[in-house]
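Listed here are the chains, written in short residue letters.
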Amino acid sequence: MEVTKVYMDLQEWVKKWNVWKLESDAFKKPIELKIHYDNTEIAQVDQKISDIHKILEQKELVIKDLQEQIEKLKDKQEHLLEWYMNAMNHITELADQNGEQYDLINELNKKIWNQNNTIENMSGVILHSEHKLDEIEKKITKQPMVFNDKSFVSGNEWVILNIIDIPDGEYIVISKFTVWEHNEYVNNADEILFDKVHVENWYDIRYQLEWNWTELDTPTATIFYNLVFIPC
């Protein structure tokens, strides 16, 4: 993958009467990102997608086989229960003749208990396989996300410009911050940042105004931000 072009609008400033004033309107195209994939990378992605589909097909066959086995076990369990009821009726009739019915009942109960455990274990395997399939499908369907807005900032402490709800996972984040209207105490310049982050539940956009004045001076500015989240 190669980033072939990054474009951002520049703002013109003119000094008049010792006061800096913004002469241009807000940018219309804040950032333009062009990413080029060569044929080798495209072939690798296609091969990975093909491999994933093969894995999904194999998992579906395994789940289908397990479900068929469960159905067979359920049928066997029904026959076993029917046999158990018939045996119980017969044991009741012979209760006065011998005391072996208790051993037979215990044996039947043991078989039923083992059968139920087998069905529960196979159900757990199916649920685990379905969970893995859901995770694979989520990774395949993830798409890049773009967020942009503006926020007014006052003071030189770190502030949260916004809190974004996005799916959990690893992302490459391209952040562009543009300083628009501000007073003379602000030293910040426009900047673009690249970072790799792990997101859980949300992502908060943080920013801090820089200044070199006295504690009585308060920097203020309107900050435009554009963020691109690329799943990785």
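First things first, this report covers the structure right here in the doc. What you see is a predicted model, and the numbers here were worked out from it, not measured in a lab. Each residue is numbered by its place in its chain's sequence as written, counting from 1. In view of the model being predicted, local features appear only for residues whose pLDDT reaches at least 70, and side-chain atom pairs are presented and counted only at 80 or more, with totals across whole chains, interfaces and linings using the full set of residues. For the side-chain quantities, the full set of heavy atoms in the structure was used; hydrogens and water were omitted.

### Points about the nonpolar core
Keep this limit in mind: Only buried residues count toward a nonpolar core, which is a set of Ala, Val, Leu, Ile, Met, Phe, Trp, Tyr and Cys residues joined through side-chain atoms within 4.5 Å. Exposure classes here rest on a 1.4 Å probe applied to the protein chains alone. A residue is buried below 20% of its type maximum, exposed above 50%, and partly exposed in between. A helix here means a DSSP run of H or I that spans at least four residues, while a strand means a run of E at least two residues long, and both kinds are numbered starting from the N terminus. Residues count as neighbours in contact if any of their non-hydrogen atoms are within 4.5 Å of one another.
Core analysis: the biggest nonpolar cluster contains 20 residues, and Leu161, Tyr203, Ile205, Ile223 and Phe229 have the highest contact counts within it. Sorting the residues of this core by element identifies β6 (159–164), β7 (169–182), β8 (191–199), β9 (203–207) and β10 (220–231) as the ones contributing at least two each. Residues contacting tyrosine 203, with those up to four places away along its chain left out, are Asn162, Ile163, Ile164, Ile166, Val173, Val197, Leu227 and Phe229.

### Points about the pattern of salt bridges
Applied cut-off: For this analysis, a salt bridge means a side-chain nitrogen from Lys or Arg found within 4 Å of a carboxyl oxygen belonging to Asp or Glu.
Throughout the structure, instances matching the rule amount to one salt bridge. With a closest N to O distance of 3.1 Å, aspartate 204 and arginine 206 form a salt bridge. The class for aspartate 204 is partly exposed, based on a relative accessible area of 22%. The class for arginine 206 is partly exposed, based on a relative accessible area of 46%.

### Let's talk about the layout of surface pockets
Threshold: A cavity here means a set of 1 Å grid points, computed over protein atoms only, where a 1.4 Å probe fits but cannot escape. A pocket is an open set with protein on both sides within 12 Å along at least 5 of 7 lines, and lining residues have an atom within 4 Å of a point. Grid points are joined across faces, edges and corners, and a volume is the space filled by probe spheres set on the points. Each residue is assigned to one class: nonpolar for Ala, Val, Leu, Ile, Met, Phe, Trp, Tyr, Cys and Pro, charged for Asp, Glu, Lys and Arg, and polar for all the others, Gly among them.
Roughly 390 Å³ of volume is contained in the second largest pocket. Together, 19 residues line the second largest pocket, and Trp158, Phe177, Leu193, Arg206 and Tyr207 are the ones closest to its centre. Where the lining of the second largest pocket is concerned, the elements lending two or more residues are β7, β8 and β9. The element that contributes the greatest number of residues to the lining of the second largest pocket is β9, accounting for five residues. A class-by-class count of the residues in the lining of the second largest pocket yields ten nonpolar, four polar and five charged.

### A closer look at the side chain of threonine 222
When you line up the elements, threonine 222 lands in strand β10. Since its relative accessible area comes to 13%, threonine 222 is described here as buried. What threonine 222 contacts, discounting residues up to four positions off in sequence, is Lys150, Ser151, Phe152, Thr178, Val179, Trp180 and Glu181.

### What to know about the environment of tyrosine 185
Quick reminder of the rule: We define a polar contact as two N or O atoms separated by no more than 3.5 Å, with the added condition that, inside protein, one atom must be a possible hydrogen donor and the other a possible acceptor, whereas residues neighbouring each other in sequence contribute only through side-chain atom pairs.
Checked against the element boundaries, tyrosine 185 lands in the loop between β7 and β8. You can call tyrosine 185 buried: its relative accessible area is 18%. When the C-alpha positions of tyrosine 185 and leucine 209 are compared, they lie 9.3 Å apart, and in sequence the two are 24 residues distant. Ignoring sequence-local partners within four residues, the contact set of tyrosine 185 consists of Glu210, Trp211, Trp213, Asp217, Thr218 and Pro219. Polar contacts involving the side chain of tyrosine 185 include one to the side chain of aspartate 217, which spans 3.4 Å.

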